[in-house]
Amino acid sequence: MEAEPPRHTPGSGPAGWWRRRSLRFRLTATASAVLALALAVSAYVFVGVLGRALAGTIDDEVYQRAREVVALADAGRLGDRIVTTDNTIVQVLDASGRIVNATPGTDRLVPLLGADRREGAVRSGRPVFLDGRPYGIPGPLRARVLSADAGRTVIAARSFKEVQGSLTTTGHVLIVGTPLLLVLLAAASWLVIGRTLRPIALLRRGAAEISGTARTRRLPVPESRDEVHSLATTLNDMLARLEAADARQRALISDASHELRSPLASIRLQLEVALSHPEGQDWRETAEGVLEDTMRLSRLAEDLLALARLDEGRTVRREPVDLAALAERAVERHGVTGDIAPGVTVDGDALDLGRVLTNLVANAVRHATSTVVVALRAEPPGTGAPLSGTAPGKGTASVAGGGATRAGVAEGGVAVLTVTDDGPGIPAEDRERVFDRFTRLDSARSRDEGGAGLGLAIVRDTVRAHGGTVHLEDAAPGLRAVVRLPLADPETSRG
């Protein structure tokens, strides 16, 4: 039976091995590879430039000596022996190719270059290499050939062994020194990258130490003002927001549990009494009491569901809503006075805006002495307080909507809805606090009359979701709730 070929598992190849290495190792290896390539290229270029520079120096010196000999030969002042001070070998050949002048120790019978190479060197004007061993000179020679008068030719050459030795020594130094330098740079990169990543390791350990019972812990923030510092600051801000959200959720659960316990206890008590003494019990009265507590539970559940939907940030349905019609229905339902301008339309959700009106009017009716007035008007652009700011007036609490600066609001007008009562009012220092959830003031602490303290919280979050603002102000006497919402786009309303 033929054996199955080994299966390739993901991450088992070189790429998988590389991905499994630590970030420090990968950064160091990558930096070392780049450095090695850069050093190798630099060494190659350096040796090449050095060789060309040394060869150019020798070529210039040889050419200079050849020019001097040509000048002396043309002037007829060239002696039999040519003396040089820089170890340059010179041969002067006549028209027949016979050596007539030469430096001491130079072969006077055999020219350094044959006739063909001499002619080629004269035509090109470039230096040529030749082997010096046949002439008793170790190593190569660098030669220049120039022509003089009377068909004479001057050959000047100099040993290239010194240049080769310099290049060889330089190569040996680079071969030994470059790896050592690369090792030192890799070690330095390992240390620097390690110190750079240390704050990230501290962040990781700090995050691992934060548990469900240690919500107030914060991640360590490095002193350096770099990207890691920004990351730590952002994460700490996120932890602060999560902590605040967790605190709000716990407070909501605690308050909701407290609110639910009262009607449930009342229902249980009424039923226990009725069952314990059925013969003398007025069952209709018991049923009415249980129904009243059940309605309280139902209203509380609806309010909590509304707040949960707003907290989830669900997108508010955007459609033209006749706010004037909603206000008229609220006035008729509660039997209050209305001063409503017709045709005021806003973009939003009719059910949510209807809840805003119901909560505001019900709250005003609950605290009014005799009169509640609901007013609605449209303000043209550029008048009144901006939606994104705080409403003017001393002792005024304002809650700005997060979407107040959306496109079109700054250019369009606003709908101003006011609900005014002539009750005792609210002190200026408490006008912001009443928008918090489960908040009751001294005059509204009765759960039977004051509700659960969620009405104004729902108003605030709903108006904010619609890009508007809501605030409370003194009505002298009484209190006035002011809601400002952006008017609907006329083009959208017609569409």
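Scroll up to find the structure.
Because the structure is a prediction, the values reported are computed rather than measured.

Participant: Explain unusual backbone geometry to me, please; I cannot follow it from the model alone.
Facilitator: A negative phi angle is the norm for most residues apart from glycine, just as the trans form is the norm for most peptide bonds. Note that the residue after A476, namely P477, is joined by a cis bond; omega there is 0°. By the element assignment, P477 lies in the loop between β12 (469-474) and β13 (479-486). At A150, a residue that is not glycine, the phi angle is positive and equals roughly 65°. Along the polypeptide, A150 turns up in the loop between β4 (140-147) and β5 (153-159). The exposure class of A150 is exposed, given its relative accessible area of 64%. The residue A476 is not glycine, and still its phi comes out positive at about 45°. Mapping A476 onto the fold places it in the loop between β12 and β13. In this structure A476 comes out as exposed when scored by relative accessible area, which is 63%.

Participant: Even after reading the chapter, I still don't get the sheet that holds β4, so can you show me in this structure?
Facilitator: Hydrogen bonds between backbone groups are what pair the strands of a sheet, and the pairing can be parallel or antiparallel. Strand order in the open sheet formed by five strands is β2-β1-β5-β4-β3, and the pairing between neighbours is antiparallel. Strands at the two margins of the open sheet, each flanked by one partner only, are β2 (99-102) and β3 (128-131). Taken over all neighbouring pairs, the strand axes of this sheet differ in orientation by 30° on average, direction set aside. Summarising the sheet, β4 and β5 pair through seven bridges and their orientation is antiparallel. Along β5, the bridge assignment pairs L141 with S159. Packing against the sheet, helix α2 (residues 23-75) makes contact with β1 (89-93), β4 and β5, and its axis sits at approximately 40° to β4.

Participant: Looking at this structure, I do not really get α2. What am I missing?
Facilitator: Along an α-helix, residues three or four apart share an orientation, since each turn contains 3.6 residues. Given a rise of 1.5 Å per residue, 53 residues ought to cover 78 Å, and the 77 Å separating the end C-alpha atoms of α2 matches this to within 8%. Trailing α2 by a residue or two, G76 shows a phi angle of about 75°, which is positive.

Participant: How should the pattern of salt bridges be read in this particular structure?
Facilitator: Applying the stated criterion across every chain, the model contains 11 salt bridges. As a salt-bridge pair, R484 and E379 come within 3.3 Å of each other at their nearest N and O atoms. Of this pair, R484 sits in strand β13 while E379 sits in strand β9 (residues 372-379); the two residues are 105 residues apart in sequence, bridging distant segments of the chain. According to the relative accessible area criterion, R484 is buried, its value standing at 6%. The class for E379 is buried, based on a relative accessible area of 12%. Sharing partners across several salt bridges, the network here consists of R377, E379 and R484.

About the cut-offs
- Residues numbered from 1 in each chain as written.
- Predicted model: local features only at pLDDT ≥ 70, side-chain atom pairs only at ≥ 80, totals over all residues.
- Heavy atoms only, no water.
- Helix = DSSP H or I, 4+ residues; strand = E, 2+ residues; numbered from the N terminus.
- Buried < 20%, exposed > 50% of the residue type's maximum accessible area, 1.4 Å probe, protein only.
- Pairing = 2+ DSSP bridges.
- Axes fitted to C-alpha atoms, helices over the stretch in contact; angles between N-to-C directions.
- Contact = heavy atoms within 4.5 Å.
- Expected span 1.5 Å × (residues − 1).
- Salt bridge = Lys/Arg side-chain N within 4 Å of Asp/Glu carboxyl O.

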